[in-house]
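# Close look at the chain arrangement
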There are 2 protein chains.
Amino acid sequence: MTELEQRCAKAGLKMTGQRRTILKILGEAADHPSVEDVYARAKSIDTTISIATVYRTLSLLDELDLVIRHEFHEGHSRYELNWDHHHHLIDLESGQVIEFQNKELEAMKEKIARDLGYELVDHRLELYGKKIKGKKK
Amino acid sequence: MTELEQRCAKAGLKMTGQRRTILKILGEAADHPSVEDVYARAKSIDTTISIATVYRTLSLLDELDLVIRHEFHEGHSRYELNWDHHHHLIDLESGQVIEFQNKELEAMKEKIARDLGYELVDHRLELYGKKIKGKKK
DNA sequence: GTAGCTGCAAACTCTTTGCAACTCT
DNA sequence: AGAGTTGCAAAGAGTTTGCAGCTAC
């Protein structure tokens, strides 16, 4: 039983085959799959799984904070495991999503929230950019 | 003719009554209205306006970058004029949206993008927090 | 055994679109 | 005059839900 599965079980979720399949897919995903993506990958493992189950499972995982739901202005959501905290740079030309982390940024966000009288619970930063062509090294 | 209307006209948009109404509403909005909000307010000025026109106009304004479209994970979009650049802190308990700016943050984001080999075109930062009750002054 | 989970299909919400009539320039 | 815009209603996309049967615990 994986750590992820343990955390689900601890939250009172029954570990069904479908849920194991979806957790496996999320654990192996190097990208930020949409619901349709997760569904397609799940079907290659369990051909009988339904998209309703994928929606329900991802919502549950989101509530448990095991997963992060993104809205990259595409008309649908994308998901990823909530493992290591990071942010995203979206390539406006190719749609490619690049992950990054930055300690200073984290500290700064905490401070901004505190100065406004808030305890920071969650936050999102998305950068949208274009690749610089002429590499001025 | 307002500056906003001039910028629309310059982009080749015809200045119809409906568009003027919507621009007026956005200019006067102190919040971040949803499409339904804009539609409701528009109707109080022009009872014959349709929600299709509101959708179409907001999309156009978004393309022209006169407006910013937000997805605060509510299942619908919210809009605001793209005047002064700022970010948002969303109160998780009340849903209240607080705006803030931060120079250091801006500089840092430019740097992160550049270091990744990207020219920053746009970006979003959203903080989600809870009000700190015991004001430890 | 039973509370919870699943697949299916229908329903729902938000948004977009085809079309004929109308209007800004 | 003519290209662009509008309202209407229908269609589309993404997501949720009621229900009967099934399954993990």
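What you see is a predicted model; the values in this text were computed from it and never measured.

Turning to the overall build of chain A, a few remarks are in order. For chain A, the helix and strand inventory stands at five helices and five strands. Listed N to C, the secondary structure of chain A is α-α-α-α-β-β-β-β-α-β in terms of helices and strands. Over its C-alpha atoms, taken along the principal directions, chain A stretches across nearly 50 × 40 × 25 Å. The buried share among the 137 residues of chain A stands at 41%. Long-range pairs, those at least 24 residues apart, make up 45% of the contacts in chain A between residues at least 6 apart in sequence. Surface summary for chain A: the accessible area is close to 8000 Å², and the carbon and sulfur share equals 49%. Across chain A, the centroid of the 22 positively charged side chains sits 3 Å from that of the 24 negatively charged ones.

Taken together, 21 residues form the shell around DNA strand D, and within it A:Tyr55, B:Gln18, B:Arg19, B:Thr53 and B:Arg56 come nearest. With respect to DNA strand D, the side chain of A:Lys14 contributes an N or O atom lying 3.3 Å from a base nitrogen. Taken together, the elements giving at least two residues each to the surface near DNA strand D come down to helix H4 (51-63) of chain A together with helix H2 (17-28) and helix H4 (51-63) of chain B. Sort the elements by how many residues they give to the surface near DNA strand D and H4(A) lands first, with four residues. Of the residues that constitute the surface near DNA strand D, the class distribution is seven nonpolar, nine polar and five charged.

Here two copies of a chain appear, and what relates them is a rotation about an axis with a shift along it. Each copy superposes on the other: chain B lies on chain A with an RMSD of 0.1 Å after a rotation of 180° and an axial shift of 0.0 Å. The superposition operator between the copies reduces to a two-fold rotation axis. For chain B, the minimum C-alpha distance to the rotation axis belongs to B:Leu125 and amounts to 2.2 Å. With an isologous cut-off of 70% or more, the 100% of interface residues of chain B that recur at the interface of chain A puts this contact in the isologous class.

Next up on the list: the interface of chain B and chain A. Taken together, the contact pairs 34 residues of chain B with 35 residues of chain A. Three residues stand out in chain B for area buried against chain A, namely B:His73, B:Tyr118 and B:Arg124, and they jointly supply 22% of the buried area on that side. Along the contact surface separating chain B from chain A lie 14 residue pairs in polar contact (both at pLDDT 80 or more). Contributing elements (two or more residues each) for the side of chain B that touches chain A: strand E3 (87-91), strand E4 (97-100), helix H5 (103-115) and strand E5 (118-131) of chain B. Counting residues per element, the side of chain B that touches chain A draws most heavily on E5(B), which supplies 14 residues. Of the residues in the side of chain B that touches chain A, the class split is 16 nonpolar, six polar and twelve charged. Inspection of the sheet shows strand E5 (residues 118-131) of chain A paired to E5(B) by 13 bridges, in the antiparallel sense. In the sheet register, A:Glu126 faces E5(B), and the bridge partner there is B:Arg124.

A word on the pairing of E3(B). Residue and element names in this part refer to chain B. For E3, the buried fraction is high: five of the five residues fall into the buried class. Burial along E3 is two-sided: the residues His 87, Leu 89 and Asp 91 and His 88 and Ile 90 are all buried. Pairing of E3 with E5 involves four bridges; the strand directions are parallel. Each residue of the ladder has a partner; that of Asp 91, found in E5, is Gly 129.

Here the focus is the packing of H2(B) against H4(B). All names here are of chain B. Across the interface, H2 lies against H4 with an axial gap of 10 Å and an inter-helix angle of 65°. By the angle between their axes, H2 is roughly perpendicular relative to H4. Every pair of crossing elements has a handedness; the one defined by H2 and H4 is right-handed. Along its contact with H2, which presents Gln 18, Arg 19, Ile 22, Leu 23 and Leu 26, the element H4 presents Thr 53, Val 54, Thr 57, Leu 58, Leu 60 and Leu 61. Tallied by class, the residues present in the contact of H2 with H4 amount to seven nonpolar, three polar and one charged.

So, about the sheet that holds strand E4 (residues 97-100) of chain A. With mixed pairing, the six strands of this open sheet are ordered in space as E4(A)-E3(A)-E5(A)-E5(B)-E3(B)-E4(B). Lying at the two open borders of the sheet, with one neighbouring strand each, are E4 of chain A together with E4 of chain B. Pairs of neighbouring strands in the sheet enclose a mean axial angle of 25°, with direction left out of account.

Before going further, it helps to spend a moment on the nonpolar core. Within the largest apolar cluster, 22 residues are counted, with the highest numbers of intra-cluster contacts made by A:Leu127 and B:Leu127. Secondary structure elements with two or more residues in this core: E4, helix H5 (103-115) and E5 of chain A together with E4, H5 and E5 of chain B. With residues near it in sequence (within four places) discarded, A:Leu127 still touches A:His88, A:Leu89, A:Ile90, A:Phe100, B:Lys109, B:Ile112, B:Ala113, B:Leu120, B:Asp122 and B:His123.

Cut-offs used in this document
- Residues numbered from 1 in each chain as written.
- Chains lettered and ligands numbered in written order.
- Predicted model: local features only at pLDDT ≥ 70, side-chain atom pairs only at ≥ 80, totals over all residues.
- Heavy atoms only, no water.
- Helix = DSSP H or I, 4+ residues; strand = E, 2+ residues; numbered from the N terminus.
- Buried < 20%, exposed > 50% of the residue type's maximum accessible area, 1.4 Å probe, protein only.
- Contact = heavy atoms within 4.5 Å.
- Areas by Shrake-Rupley, 256 points an atom, 1.4 Å probe, with all protein chains shown as cover.
- Lys, Arg positive; Asp, Glu negative; His and termini not counted.
- Charge placed at Lys NZ, Arg CZ, Asp CG, Glu CD.
- Near = heavy atom within 4 Å.
- Polar contact = N/O pair within 3.5 Å; in protein donor to acceptor, adjacent residues only side chain to side chain.
- Nonpolar A, V, L, I, M, F, W, Y, C, P; charged D, E, K, R; others polar.
- Least-squares fit on C-alpha atoms with pLDDT ≥ 70 in both.
- Buried area = accessible area lost by both parts, 1.4 Å probe.
- Pairing = 2+ DSSP bridges.
- Axes fitted to C-alpha atoms, helices over the stretch in contact; angles between N-to-C directions.
- Parallel < 35°, antiparallel > 145°, perpendicular 65-115°, else oblique.
- Left-handed = near helix turned anticlockwise from the far one by under 90°.
- Core = buried A, V, L, I, M, F, W, Y, C linked by side-chain atoms within 4.5 Å.

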